[in-house]
Amino acid sequence: WPLVINNLQLRYIDAIPFDYKASNILDFIGDNLKIKIAFAPHLFSGVPIELFPAGFDMNYSFPITTPAGIFRLRFTRGQKNGQYALIWETVVQSESENLLKTQPDDFEAWLKDAHNITHELFFKMIAGTLEESFQ
């Protein structure tokens, strides 16, 4: 029986403790991860809605060329070691027509390319204050 792969995925999951009552997670993501998400201030004026989101799930997908497939970036609320946290996933996925032409010989090249994308984006996102806090 020949090995037939129909989906490859490299996923990294990171978590940072975050106090959702003390700070606005959208501001944190904008200031520390370089992704701006904002609600116009007038949306909540005159209605009894607090400005800090209690929960959120943001998911983005972008086509990539090397390796051919999709890059996904997701932010959500979760827990790490019993504390509330910002959870984010970086995923490179190739499937069906974008898969390796010579399986499994091309796995190493696919993995290297997928890792390079997630690695480079991760360090671009955390550059500055957040990266310094990890050291």
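This is a predicted model, so every value here is computed, not measured.

Peer 1: I tried to follow the overall build of the protein on my own but got confused; where do I start?
Peer 2: Looking only at helices and strands, the protein has three helices and four strands in total. Along its sequence from the N terminus, the protein presents helices and strands in the succession β-α-β-β-β-α-α. Put simply, the protein has 135 residues, and 33% of those count as buried. Intrachain contacts of the protein at a sequence separation of at least 6 include 64% that bridge at least 24 residues. With an accessible surface of roughly 9,000 Å², the protein has 56% of that area assigned to carbon and sulfur atoms. Treating the 11 positive side-chain charges of the protein as one cloud and the 16 negative ones as another, the clouds have centres 4 Å apart.

Peer 1: I tried to follow the packing of aromatic side chains on my own but got confused; where do I start?
Peer 2: Aromatic ring pairs are described here by two measures, namely the spacing of the ring centres and the angle between the planes. Under the criterion given, the structure shown has six aromatic pairs. Between W88 and F122, the aromatic rings sit 5.8 Å apart at their centres with planes inclined by 20°, giving stacked as the arrangement. Of this pair, W88 sits in strand β4 (residues 83–95) while F122 sits in helix α2 (residues 107–126); the two residues are 34 residues apart in sequence, bridging distant segments of the chain. On the accessibility criterion, W88 (1% relative accessible area) is buried. Taking relative accessible area as the criterion, F122 reaches 16% and is therefore assigned buried. Summarising the aromatic geometry, the rings of F122 and F123 are spaced 5.1 Å apart at their centres and angled 90° between planes, so their arrangement reads as edge-to-face. On the basis of relative accessible area, F123 is assigned to the partly exposed category, the value being 36%.

Peer 1: Explain the sheet that holds strand β1 (residues 7–17) here, please?
Peer 2: Picture the strands of a sheet paired through backbone hydrogen bonds; they go either parallel or antiparallel. Taken in spatial order, the four strands of this open sheet run β1-β4-β3-β2, and their pairing is antiparallel. Among the strands making up the open sheet, the edge pair consists of β1 and β2 (57–65). In this sheet, neighbouring strand axes are inclined to one another by 15° on average, regardless of whether the strands run parallel or antiparallel. Bridging between β2 and strand β3 (residues 68–80) involves nine bridges; their strand directions are antiparallel. Bridging across to β3, Y60 finds its partner in L73. Contacts from helix α1 (residues 25–33) reach β1, β2, β3 and β4 within the one sheet, and its direction differs from that of β4 by about 55°. In the packing of α2 onto the sheet, contacts are made with β1, β2, β3 and β4, and the angle to β1 comes to roughly 25°.

Rules and cut-offs
- Residues numbered from 1 in each chain as written.
- Predicted model: local features only at pLDDT ≥ 70, side-chain atom pairs only at ≥ 80, totals over all residues.
- Heavy atoms only, no water.
- Helix = DSSP H or I, 4+ residues; strand = E, 2+ residues; numbered from the N terminus.
- Buried < 20%, exposed > 50% of the residue type's maximum accessible area, 1.4 Å probe, protein only.
- Contact = heavy atoms within 4.5 Å.
- Areas by Shrake-Rupley, 256 points an atom, 1.4 Å probe, with all protein chains shown as cover.
- Lys, Arg positive; Asp, Glu negative; His and termini not counted.
- Charge placed at Lys NZ, Arg CZ, Asp CG, Glu CD.
- Phe/Tyr/Trp six-rings, centres within 6.5 Å; stacked < 30°, edge-to-face > 60°.
- Pairing = 2+ DSSP bridges.
- Axes fitted to C-alpha atoms, helices over the stretch in contact; angles between N-to-C directions.

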